[in-house]
Amino acid sequence: MRGFTTITAVSLVMAAFVLGCGNATRQQDMDTSLRREMELLASEHDLNAMLSRGGEGIVDWQLSREFAQLALEDFISAGDFPASATLWEIPIAIYDAEGTVRYYEFRVMDGERVVAAIAGNAREDLGGPIARVFPMDGYMDELSQLYLTGALDKDDIPRIVDDDYPSHAVASVSVSRGGSVEFQRVLDPATGKDAGELARVLTAEEMLGQHPELAGQLDTAAIESELAAWREETAQLWAMAKANKGSLGSMAFRGSSRSEPRKSVDQGMIDKADPTSYNYCGPTSAGFLLDFIHENGLQNLETWNNLSWSSRVNTLESKMGIITSGVFTGATWPWNLGNAVASYSNYKVTLALGVVPNTCINNNLPGINWRGVSGLSQLTGGLHYRNVVAYDEKGWWIFKWSYIKVIDGNGYDNGWETYNPFYHFFSFNLMHK
């Protein structure tokens, strides 16, 4: 059974717009919003059916919840969430474009308020237990709008679809008795229109296949070796986790998930720089570094500071090789990433020796991380750069993995990500010349 019927759930959605305006009513609306959303998007029956029909490699959602609970405790301990924060009972399944579960999204609650999501990988071959931890307040507002505008009608069953998650689309689906999901329509939640081609993260193999010109610049043998070792370790982790389902929280191998204190750039300095979009992701990442240097008094970048936003965009695109003589020539390649920073400041952008730009973060400076993505015209070329402002190491027993905290002036990525060599290619340090 699905709990409330879809019609009942939609009726609850619509009721929010006709209830009275008193304070008590508004509080009641807020308190029940998540329950309405979960009736629309989540079902324990569907989660169990998904597991039974998914075969080998689909992660048990209850096992995923154990890991999400452990991650929540870590983040509470680090001060990210209040001590009273809890997880909602069941996750929302996030599907890929083929209708297969991709992530389990567990809501972090502060009382009745949604403050964040902890997303676990739902397929063993795609990563370790936790993929992302990021701020969010749910999908209810956009779902309500889709129903109100008629993009969804009362008989539609909505599901959330990966569109370079946490960016997403909304699908209207049919669900069989066995729990299989078939997309009827996939909508852009902002417009209610057809979402078109969905974006997704590229694997290392796909990135190199899509951009053979990178092969001469990257150590492909080292990448392949790292991927092989990572796959083997990930398989061992899932085997042990499945063998100990139900008792992960009390296992001796849990121990301390942090080998050293978390390292972060001062939040006040980040706020002063005020991450903003300079159109493409490469210029946005480099522009943030220049803003950070100037706004925090590390160097008076008078020339940069006196440029208008449009002039900054033009000079970033020119110096980073995106625009040449007014003609768009492609994405920001890694070897051009630091050109603008070096031109306007006494700082440089250098390739990090590891997967985390820890040298600059240890010196209270932000860095940059590069990952692959396909399907977004704004991210032409399949390269996506984001600023990194913190890192941490977490894990259980012999298994450890790095977390990076990403801020993205273009709004595609914000929050903590678990390093995954499938998707995270390189990081770059900001350093004084």
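**Q** Could you clarify how one ought to interpret the overall build of the chain in this entry?
**A** Helix and strand content of the chain: 13 helices and 18 strands. For the chain, buried positions account for 53% of its 433 residues. Here the analysis covers contacts within the chain between residues at least 6 apart in sequence; of these, 64% occur between residues at least 24 apart. Total accessible area on the chain is roughly 18,500 Å²; 50% of this is exposed by carbon and sulfur atoms.

**Q** Quick question: what am I supposed to make of the pattern of salt bridges here?
**A** Any two side chains of opposite charge can pair, given that their charged atoms come close. Applying the stated rule across the entire model yields 19 salt bridges. For the salt bridge of Asp 60 with Lys 245, the shortest nitrogen-to-oxygen distance reads 2.6 Å. One end of the pair, Asp 60, is in the loop between helix H3 (44-54) and helix H4 (61-77); the other, Lys 245, is in the loop between helix H7 (220-243) and strand S10 (263-264), and 185 residues separate them in sequence. Its relative accessible area of 16% is what places Asp 60 among the buried residues. Given a relative accessible area of 38%, Lys 245 falls into the partly exposed group. Where Arg 262 meets Asp 392, a salt bridge forms, and the shortest distance between an N and an O atom there is 3.4 Å. Here Asp 392 lies in strand S15 (residues 383-396) and Arg 262 lies in the loop between H7 and S10, a separation of 130 residues in the sequence.

**Q** Help me understand a negative patch on the surface in this model?
**A** A grouping of Asp 266, Asp 271, Asp 274 and Glu 295 is seen on the molecular surface, where their side chains present a negatively charged patch. Considering the arrangement of structural elements, one finds Asp 271 in helix H8 (residues 267-273).

**Q** I tried to follow the nonpolar core on my own but got confused; where do I start?
**A** One recurring pattern in soluble globular proteins is that nonpolar side chains are buried together. The biggest cluster of nonpolar side chains holds 73 residues, and the ones touching the most others in it are Phe 81, Tyr 104, Val 108, Ile 118 and Tyr 139. Look past the residues within four positions of Val 108 in its chain and what remains in contact with it is Leu 72, Phe 81, Ala 85, Thr 86, Leu 87, Arg 113, Val 114, Val 115, Ala 116, Ala 117 and Ile 118. Core analysis: the second largest hydrophobic core is formed by 53 residues, Leu 227, Leu 316, Val 406 and Leu 430 among them.

**Q** Looking at this structure, I do not really get the packing of aromatic side chains. What am I missing?
**A** Two aromatic rings are characterised by how far apart their centres lie and by the angle between their planes. Counting across every chain of the model gives 14 aromatic pairs. Pairing Trp 333 with Trp 335 gives two aromatic rings, centres 5.8 Å apart and planes at 10°, and the pair type is stacked. A relative accessible area of 17% means that Trp 333 is categorised as buried. For the ring pair Trp 370 and Tyr 385, a centre distance of 6.2 Å and an interplane angle of 25° mean the geometry is stacked. Highlighted residues: Trp 370 in strand S14 (residues 367-374) and Tyr 385 in strand S15, separated in sequence by 15 residues. There is no split in this pair, since Trp 370 and Tyr 385 are both buried. Taken together, the aromatic side chains of Phe 75, Phe 81, Tyr 403 and Trp 416 make up a single cluster linked through ring pairs. It is Arg 102 that lies over the ring of Tyr 103; its NZ or CZ is 4.2 Å from the centre.

**Q** In this structure, what is going on with H4? I would like to understand it.
**A** Turn by turn, an α-helix covers 3.6 residues, leaving residues three or four places apart pointing in a common direction. Its 17 residues place the ends of H4 24 Å apart at the C-alpha level, agreeing with the 24 Å of an ideal helix rising 1.5 Å per residue. All of the buried residues in H4 are Trp 61, Leu 63, Ser 64, Glu 66, Phe 67, Ala 68, Leu 70, Ala 71, Leu 72, Asp 74 and Phe 75. Gly 79 lies just past H4 and shows a positive phi near 90°.

**Q** Would you mind showing me how to read H7 here?
**A** Here H7 spans 35 Å end to end across 24 residues, near enough to the 34 Å set by a 1.5 Å rise per residue. Restricting attention to buried positions, one finds in H7 the residues Ile 223, Leu 227, Trp 230, Thr 234, Leu 237, Trp 238 and Ala 241. On its buried face, H7 is in contact with H4, strand S4 (113-121), helix H6 (204-210) and strand S16 (399-407).

**Q** Honestly, the environment of Ala 42 in this entry has me stumped. Any pointers?
**A** With respect to the helices and strands, the residue Ala 42 is situated in the loop between helix H2 (23-41) and H3. Measuring from C-alpha to C-alpha, the distance between Ala 42 and Arg 159 comes to 8.5 Å, with 117 residues separating the pair along the chain. Setting aside its immediate chain neighbours within four residues, Ala 42 contacts Ile 90, Pro 91 and Ile 92.

**Q** Would you take a moment to explain the confidence of the model for the chain for this structure?
**A** Detailed reading of the predicted coordinates is not advisable wherever pLDDT falls low. Confidence in the prediction of the chain, expressed as mean pLDDT, is 84, and 85% of residues score 70 or more. Predicted confidence is poor over residues 252-258, with pLDDT under 50, and the contacts of this stretch with residues over four places away or in other chains come to 24 contacts. In this model, residues 376-380 is a region of pLDDT below 50 whose contacts with residues beyond four sequence positions or in other chains number 12 contacts.

**Q** What should I look at first to understand unusual backbone geometry in this one?
**A** Glycine aside, a negative phi is what most residues show, and trans is what most peptide bonds show. The linkage connecting Tyr 165 with the following residue, Pro 166, adopts the cis geometry, with an omega of 15°. Examined against the element boundaries, Pro 166 turns out to sit in the loop between strand S6 (157-162) and strand S7 (168-175). The phi dihedral of Asp 274 falls on the positive side, at around 50°, and the residue is not glycine. A positive phi angle, close to 65°, is found at Asn 279, a residue other than glycine. Considering the arrangement of structural elements, one finds Asn 279 in the loop between H8 and helix H9 (281-295).

**Q** Which parts of the structure should I look at to understand the side chain of Glu 124?
**A** The topology assignment puts Glu 124 in the loop between S4 and strand S5 (130-135). Leave out the neighbours within four places in its chain, and Glu 124 touches Gly 57, Val 59, Thr 234, Trp 238 and Lys 242.

**Q** So what exactly am I meant to see when it comes to the environment of Asn 296 here?
**A** When you line up the elements, Asn 296 lands in the loop between H9 and helix H10 (302-305). Among residues more than four places away in sequence, those in contact with Asn 296 are Met 269, Lys 272 and Asp 291. For Asn 296, the side chain forms a polar contact with the main-chain oxygen of Met 269, separated by 3.1 Å.

The rules behind these values
- Residues numbered from 1 in each chain as written.
- Predicted model: local features only at pLDDT ≥ 70, side-chain atom pairs only at ≥ 80, totals over all residues.
- Heavy atoms only, no water.
- Helix = DSSP H or I, 4+ residues; strand = E, 2+ residues; numbered from the N terminus.
- Buried < 20%, exposed > 50% of the residue type's maximum accessible area, 1.4 Å probe, protein only.
- Contact = heavy atoms within 4.5 Å.
- Areas by Shrake-Rupley, 256 points an atom, 1.4 Å probe, with all protein chains shown as cover.
- Salt bridge = Lys/Arg side-chain N within 4 Å of Asp/Glu carboxyl O.
- Patch = residues over 30% accessible without salt bridge, like charges linked within 9 Å, V, L, I, M, F, W, Y side chains within 5 Å.
- Lys, Arg positive; Asp, Glu negative; His and termini not counted.
- Charge placed at Lys NZ, Arg CZ, Asp CG, Glu CD.
- Core = buried A, V, L, I, M, F, W, Y, C linked by side-chain atoms within 4.5 Å.
- Phe/Tyr/Trp six-rings, centres within 6.5 Å; stacked < 30°, edge-to-face > 60°.
- Lys NZ or Arg CZ within 6 Å of the ring centre and 35° of its normal.
- Expected span 1.5 Å × (residues − 1).
- pLDDT = per-residue confidence, 0-100.
- Polar contact = N/O pair within 3.5 Å; in protein donor to acceptor, adjacent residues only side chain to side chain.

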